[in-house]
Amino acid sequence: MERAKLLSELNERERARLSSLSAEKGDCASPVFGDGDINADIVFIGEAPGANEVQMGKPFVGKAGLQLDHMLTVCEIERKALYVTNAVKYRTWTCTEMGSVKRAKNRTPSLAEIRDSAPMLKEELAIISPKVIVTLGNTPLKALEYISGDNLGSIGELHGKPYLLKGMSAVLFPLYHPASGIYNRSLLPVMEDDLHKLKELQIMED
Ligand code: URA
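Residues numbered from 1 in each chain as written. Predicted model: local features only at pLDDT ≥ 70, side-chain atom pairs only at ≥ 80, totals over all residues. Heavy atoms only, no water.

**Student:** Lay out the nonpolar core with the relevant residues and their values.
**Tutor:** In this structure, Ile45, Leu125, Ile133, Leu144, Leu152 and Leu172 are the most contacted members of the largest nonpolar core, which totals 33 residues. Of all the elements in the fold, those that place two or more residues in this core are α1 (3-18), β2 (42-46), α4 (111-128), α5 (138-148) and α6 (155-158). Tallying contributions element by element places α4 first for this core, with 7 residues. Beyond its immediate sequence surroundings of up to four residues, Leu172 is in contact with Ile133, Thr135, Leu141, Leu144, Leu152, Lys161, Pro162, Tyr163 and Leu165. Among the nonpolar cores identified, the runner-up in size contains 20 residues, and Ile42, Met71, Cys75 and Val171 belong to it. (Core = buried A, V, L, I, M, F, W, Y, C linked by side-chain atoms within 4.5 Å. Buried < 20%, exposed > 50% of the residue type's maximum accessible area, 1.4 Å probe, protein only. Helix = DSSP H or I, 4+ residues; strand = E, 2+ residues; numbered from the N terminus. Contact = heavy atoms within 4.5 Å.)

Here it is as structure tokens:
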């Protein structure tokens, strides 16, 4: 079966799974699925969509999209040559209520949410079958641990180094999440250096 059909069936299965989850945990009724070139050699995996992504129905739009585009400019990869997805396909949130006012605040997906979303990501990667998988931050790294059974460690140890995952043909290249540099500016030169290394890896893979 062709990739587009396989992906659309997979997305519908995930949508059905999410429809049974509690709205307390996240916006499970509005999942955001992967986007971009389904024949891409390189896949970028983020954490989970935010409010802008839910509104637009695409990963990495708005502020996060601009941050990703900046990273892509540094490593000289065109966004249209990528497939971009998230480890968890729904916006995970914490809800607070004050009187009749309800507010939802983004939160990092829990380990259980990453684990429960991993079978979907595993199938998605098998369908796209990229040569390089770039993870952004700790959440997608954790997801790949669940998928491969490898004990990977944290982004602080793994960033900027290619890694061969157990039972997978793609090379894993972990990067810090694009938002990390905003919270910790001392990471910016390290992040930039990692992007130059990714550019070198891309040249080798071509
Ligand atoms: N938007 C996404 O789609 N993923 C992230 O990890 C952050 C913002």
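**Student:** Provide a residue-level description of the environment of Gly26, including the pertinent values.
**Tutor:** Residue placement: Gly26 occurs in the loop between α1 and β1 (35-36). On a C-alpha basis, the gap between Gly26 and Asp206 in space is 39 Å, while along the polypeptide they are 180 residues apart. Setting aside residues no more than four positions away along its own chain, Gly26 makes contact with Tyr90, Arg91, Thr92 and Trp93.

**Student:** So what about α1? Which residues, and what values?
**Tutor:** In this model α1 runs 22 Å from its N-terminal to its C-terminal C-alpha over 16 residues, within 8% of the 22 Å that 1.5 Å per residue would give. Leu7, Leu10, Asn11, Glu14 and Leu18 are the residues of α1 that are buried. For α1, the angular spread of buried residues about the axis comes to 100°, placing them on one side. Along its buried surface, α1 packs onto β3 (82-86) and α4. (Expected span 1.5 Å × (residues − 1). Arc of directions from axis to C-beta.)

**Student:** Give a description of the pattern of salt bridges that names residues and reports values.
**Tutor:** As enumerated under the stated definition, the model contains 14 salt bridges in all. With a shortest N-O distance of 3.3 Å, Glu9 and Lys5 are connected by a salt bridge. One end of the pair, Glu9, and the other, Lys5, are both in helix α1, 4 residues apart, so they sit about a helical turn from each other. (Salt bridge = Lys/Arg side-chain N within 4 Å of Asp/Glu carboxyl O.)

**Student:** Any chance you could break down α4 for me, citing the residues and the numbers?
**Tutor:** Side chains that are three or four residues apart share a direction in an α-helix, a result of its 3.6 residues per turn. Taking 1.5 Å of rise per residue, 18 residues should cover 26 Å, and α4 covers 25 Å from first to last C-alpha, within 8% of that figure. The sharpest bend along α4 comes to roughly 40°, located at Ala118, with the proline Pro119 sitting one to four residues further on. Restricting attention to buried positions, one finds in α4 the residues Glu113, Ile114, Ser117, Ala118, Met120, Leu121, Glu124, Leu125, Ile127 and Ile128. Here the buried face of α4 lies against α1, β2, β3, β6 (132-136) and α5. (Bend = angle between axes of the 7 residues up to and from the residue.)

**Student:** I'd like a description of the sheet that holds β3, backed by residues and values.
**Tutor:** Read across the open sheet, the 6 strands follow the order β1-β3-β2-β6-β8-β7; overall the sheet is mixed. Strands with a single pairing partner mark the edges of an open sheet, and in this sheet they are β1 and β7 (163-164). When β7 meets strand β8 (residues 171-175), the two strands line up antiparallel, connected through 2 bridges. Across the sheet, residue Tyr163 finds its bridge partner in β8, namely Leu172. Against the sheet, helix α8 (residues 188-205) touches β2, β6 and β8, its axis set at about 160° to β8. (Pairing = 2+ DSSP bridges. Axes fitted to C-alpha atoms, helices over the stretch in contact; angles between N-to-C directions.)

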